[in-house]
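Structural overview
What follows is each chain in one-letter form.
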Amino acid sequence: VAEQRRLTGWGRSTATVATVETPASADEVAELLTRAPARGVVPRGLGRAYGDAALNAGGMVIDLRALRAVDYAGLEHDGTIRAEAGASLHAILVESVPRGWFVPVAPGTRQVTIGGAIAADVHGKDHHQAGSFMTHVQELTLATPAGIQVIGPESSLFAATFGGMGLTGVVLEAVLRMLPILSSRVVVDTDRAGDLDGALALMVEGASEHPYAVAWIDCMARGGSLGRAVVTRGRWAVPAELDTTAARDPLAFGPRARLAVPPLMPANFVSRPAALAFNELWFRKAPRERRGQIQSLSAFFHPLDALHGWNAVYGPRGFLQYQMVVPLEADEVLRQVIALLAARRLPSALSVLKRLGAASGGHLSFPVAGWTLAVDVSAGARGLGATLSACDELVAGCGGRVYLVKDARLRSEIVHTMYPRLEEWREIRGACDPDGIFASDQARRLRLVPASAT
Ligand SMILES: Cc1cc2nc3c(=O)[nH]c(=O)nc-3n(C[C@H](O)[C@H](O)[C@H](O)COP(=O)(O)OP(=O)(O)OC[C@H]3O[C@@H](n4cnc5c(N)ncnc54)[C@H](O)[C@@H]3O)c2cc1C
């Protein structure tokens, strides 16, 4: 059923109207591609992209959420599942965790579809060891204007689709290798780091023992406290480490959204003084050094999922997430970016720093070996545009890049520098979409696709 709808990204900073189609089968998706409107077509999952990647003003948006069947039979043979594109990581975990299997890559929310995870080639807190989503997918079924095709890692279209922002075709299903686990709990070490050097050192220390590492970083602290952080590192617990109650059901998994955030709280909730006070409180309340705390997997991997509708706290203007990566050897640029954000007093709370490992091979895939910083800022913050553009220059200048699935404001001129394989990607894309039917608001803004769909 087609419906005209106003859609936004997760940051709610831009909204556009499109015709939303909700196909119930792969054949229906293929049929929709035969009648793409002049403004083109973009697939959409759970709408967790922060900016305009899954929007298509005046065109068609294909909502894949009805295609969500998952076959778990492969788990017993080779640890794989076959999932339709609209299945969420949440739904998969509800079934797979009690059987002893976790998703091989866990982004900061479970509310992500398989199609969205592929189109962004998502990474988790263990990217330096596990790689991105592409590393764990054996096979893809993709609908393009040429028809439905099954492709594997040897195909250039496969690599172009991971990180390809839904512009190479509609993912219909994928075969994914899962990660075996013995419990649903994580053993967590927490440390406070007084400055950026301390945080980076902790993120690298003992990485083989603790595959998962993340730092919540205060991007408003200045001077000697620049980059102060709370670093958490984790590894899967074995049943022998659990207390008697937990040990009775070591693979228990029953996460619930516990707290609802009131809709449209006043925008001054994220004012400068409020954000400063929040960061101070959050840093002070963290333990200086705590070892071996047992946490549920949802508390460790997806703390924000417990806050239903938290993206409304930024008020009616919404917010942006700025996520960039700089190569490991360019940690000085990371410091410069944090110093710039702090000097301009952009109100940001709970920014996140992670270490990324080797790139996956996806042409527009975000991860490169380096440091990635993600900062949430109210879209109405004073001086935001100029500050982030200055950050873009620093990041692009050292071989770094901004994450497209978080982006809502990058300039098209800088994308070539950040994504040097863009031309190669365009050629592969053009061959499977000669009439240029795939388009999105982001694709037009960044000139990723030819101008025909504008
Ligand atoms: C709280 C939060 C934490 C996050 N943490 C992380 C993190 O740690 N690491 C990380 O990498 N990302 C993270 N993300 C980003 C998230 O993983 C991506 O935005 C992901 O793409 C969202 O999936 P979705 O199903 O909501 O897709 P949507 O937002 O609906 O779409 C995103 C993109 O995927 C494309 N797409 C969707 N479905 C298909 C399909 N079937 N075929 C082809 N293309 C498709 C769309 O066209 C669009 O370009 C986080 C997001 C949030 C809100």
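Further up the page is the structure itself.
Here we summarise the structure given alongside this text. (Residues numbered from 1 in each chain as written. Predicted model: local features only at pLDDT ≥ 70, side-chain atom pairs only at ≥ 80, totals over all residues. Heavy atoms only, no water.)

Looking now at the nonpolar core. In this structure, Phe102, Ile114, Phe133, Leu334 and Leu373 are the most contacted members of the largest nonpolar core, which totals 123 residues. Dropping the residues within four chain positions of it, Phe102 is found in contact with Leu93, Val97, Met178, Leu179, Ile181, Tyr212, Trp236, Leu297 and Phe301. Trp10, Val270, Trp310 and Val313 belong to the second largest nonpolar core, which has seven residues in total. (Core = buried A, V, L, I, M, F, W, Y, C linked by side-chain atoms within 4.5 Å. Buried < 20%, exposed > 50% of the residue type's maximum accessible area, 1.4 Å probe, protein only. Contact = heavy atoms within 4.5 Å.)

This part is about helix α1 (residues 26-34). At 3.6 residues per turn, the α-helix brings residues three or four places apart onto the same side. Taken as a whole, α1 has its buried residues at Val29, Leu32 and Leu33. Down the axis of α1, the sector holding all buried residues measures 100 degrees, keeping them to one side. Across α1 from its buried face, at more than 90 degrees, point the exposed residues Asp27 and Thr34. Here the buried face of α1 lies against β2 (15-21), β3 (41-44), β4 (60-63), β8 (137-144) and β10 (170-177). (Helix = DSSP H or I, 4+ residues; strand = E, 2+ residues; numbered from the N terminus. Arc of directions from axis to C-beta.)

Across the chain, the bulk of peptide bonds are trans and the bulk of non-glycine residues have phi less than zero. Although it is not a glycine, Met165 sits at a positive phi angle of roughly 55 degrees. Following the sequence through the fold, Met165 ends up in the loop between α6 (156-161) and β10. Its relative accessible area of 7% is what places Met165 among the buried residues. Of note, the phi angle at Arg345 is positive, near 60 degrees, even though the residue is not glycine.

With that settled, consider the packing of aromatic side chains. If you walk through the whole model with that rule in mind, you get 14 aromatic pairs. Pairing Tyr212 with Phe300 gives two aromatic rings, centres 6.2 Å apart and planes at 75 degrees, and the pair type is edge-to-face. Remark: Phe300 occurs in helix α10 (residues 297-301) and Tyr212 occurs in strand β13 (residues 212-217); sequence separation between them is 88 residues. Phe300 matches Tyr212 in its accessibility class, with the two residues each being buried. When the ring of Phe300 is compared with that of Phe301, the centres are 5.0 Å apart and the planes differ by 85 degrees; the resulting orientation is edge-to-face. Taken together, the ring pairs connect Trp10, Tyr50, Trp310, Tyr314 and Phe319 into an aromatic cluster. If you follow Lys125 out to its NZ or CZ, it ends over the ring of Phe300, 5.7 Å from the centre. In this structure, Arg192 is placed above the aromatic ring of Phe283, and the distance from its NZ or CZ to the ring centre is 5.1 Å. (Phe/Tyr/Trp six-rings, centres within 6.5 Å; stacked < 30°, edge-to-face > 60°. Lys NZ or Arg CZ within 6 Å of the ring centre and 35° of its normal.)

What follows deals with the state of the cysteines. In this structure the tally under the stated criterion is zero disulfides. Cys219 provides the cysteine sulfur closest to Cys391, a residue in no disulfide bond, and the two sulfurs are 9.4 Å apart. Between Cys398, a free cysteine, and Cys391, which holds the nearest cysteine sulfur, the sulfur-to-sulfur gap is 11 Å. (Disulfide = S-S within 2.5 Å.)

As a further point, take helix α7 (residues 196-204). Every buried residue of α7 is listed here: Leu196, Ala199, Leu200, Leu202 and Met203. Projected down its long axis, α7 shows its buried positions confined to an angular sector of 160 degrees, all on one face. Against β12 (185-193), β13, β14 (229-236), α11 (331-343), β19 (351-356) and β20 (370-378) lie the buried residues of α7. Regarding α7, its N-cap is Asp195, as a side-chain oxygen of that residue lies 3.4 Å from the backbone nitrogen of Asp197 further along. In the segment just after α7, Gly206 is the residue with positive phi, at about 60 degrees. (Polar contact = N/O pair within 3.5 Å; in protein donor to acceptor, adjacent residues only side chain to side chain.)

This part is about the pairing of strand β18 (residues 319-327). Of all nine residues making up β18, nine are buried, and the element is well covered by its neighbours. Here β18 runs beside β20; their pairing, made up of nine bridges, is antiparallel. Within β20, the position partnered with Gln321 by the bridge is Asp376. (Pairing = 2+ DSSP bridges.)

Moving on, we get to the sheet that holds strand β5 (residues 70-71). Reading across from one edge, β5-β6-β10-β8-β9 is the order of the five strands in this open sheet, with antiparallel pairing throughout. Two strands close off the open sheet at either side, each with one partner strand: β5 and β9 (147-151). Note: β8 against β10, six bridges, orientation antiparallel. Paired with Glu139 across the two strands is Val175, which belongs to β10. Sheet strands in contact with α1 are β8, β9 and β10, and its direction is about 140 degrees off that of β10. (Axes fitted to C-alpha atoms, helices over the stretch in contact; angles between N-to-C directions.)

Taken together, 35 residues are adjacent to the ligand, and Pro43, Gly45, Arg48, Ala49 and Thr113 come closest. One nitrogen or oxygen atom from the main chain of Pro43 is found 2.6 Å from an oxygen atom belonging to the ligand. Gly47 is positioned such that a nitrogen or oxygen atom in its backbone is 2.9 Å from an oxygen atom of the ligand. Across the complex, the protein chains shield 97% of the 960 Å² of accessible surface that the ligand would expose by itself. Among the secondary structure elements, those contributing two or more residues to the shell around the ligand are β3, α4 (114-120) and β10. Considering each element in turn, the shell around the ligand owes the most residues, four residues, to α4. Considered class by class, the residues forming the shell around the ligand number 21 nonpolar, 10 polar and four charged. (Near = heavy atom within 4 Å. Areas by Shrake-Rupley, 256 points an atom, 1.4 Å probe, with all protein chains shown as cover. Nonpolar A, V, L, I, M, F, W, Y, C, P; charged D, E, K, R; others polar.)

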